[in-house]
Amino acid sequence: LPKPAYPAAAKAVGASGSVTVQVLIDENGNVVSASAVSGHPLLRAAAVAAARSAKFSPTQLSGQPVKVSGVITYNFVQ
């Protein structure tokens, strides 16, 4: 997984903690949608951007590639 950039504005105000991102992964292992479902507002955009650039191994069900959804949690620590 790519690491998210720590936004300067978030560092300036001491924002830290976990951001949970819901992702949908297509049959090729590419993230086709990502949305932050929890975490500090100043950290959410960076977490979503990192999640969108992630690449996964294709998931197969009975030998056929399928779409899957999941959750990625990013921890921002200063």
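Note: the structure precedes this text.
Trainee: Would you mind showing me how to read the pairing of strand 2 (residues 31–38) here?
Mentor: As a general feature of sheets, a regular strand has side chains that alternate between the two faces. The sheet contact formed by strand 1 (residues 17–25) and strand 2 spans 6 bridges and is antiparallel. Among the inter-strand pairings, L24 is bridged to a residue of strand 2, identified as S33. Turn length for the strand 1-strand 2 hairpin, with the two strands adjacent in sequence and antiparallel, is 5 residues, and the turn residue G29 shows positive phi of about 90°.

Trainee: Sorry if this is basic, but what is going on with the sheet that holds strand 5 (residues 68–76) here?
Mentor: Spatially, 2-1-5 is the arrangement adopted by the 3 strands of the open sheet, whose pairing is antiparallel. Each having just a single partner strand, strand 2 and strand 5 make up the two edges of the open sheet. Pairs of neighbouring strands in the sheet enclose a mean axial angle of 25°, with direction left out of account.

Trainee: How should I be thinking about the nonpolar core in this particular structure?
Mentor: Side chains of nonpolar character tend, in soluble globular proteins, to be buried together. Of all hydrophobic cores here, the largest spans 19 residues; its most connected members are V21, V23, A34, L43, A51, Y74 and F76. Secondary structure elements with two or more residues in this core: strand 1, strand 2, helix 2 (41–52) and strand 5. Ranked by residues supplied to this core, first place goes to helix 2 with 6 residues. If sequence neighbours within four positions are ignored, A51 has contacts with V21, V23, V31, A34, I72 and Y74.

The rules we used
Residues numbered from 1 in each chain as written. Predicted model: local features only at pLDDT ≥ 70, side-chain atom pairs only at ≥ 80, totals over all residues. Heavy atoms only, no water. Pairing = 2+ DSSP bridges. Helix = DSSP H or I, 4+ residues; strand = E, 2+ residues; numbered from the N terminus. Axes fitted to C-alpha atoms, helices over the stretch in contact; angles between N-to-C directions. Core = buried A, V, L, I, M, F, W, Y, C linked by side-chain atoms within 4.5 Å. Buried < 20%, exposed > 50% of the residue type's maximum accessible area, 1.4 Å probe, protein only. Contact = heavy atoms within 4.5 Å.

These figures come from the coordinates and say nothing about function on their own.
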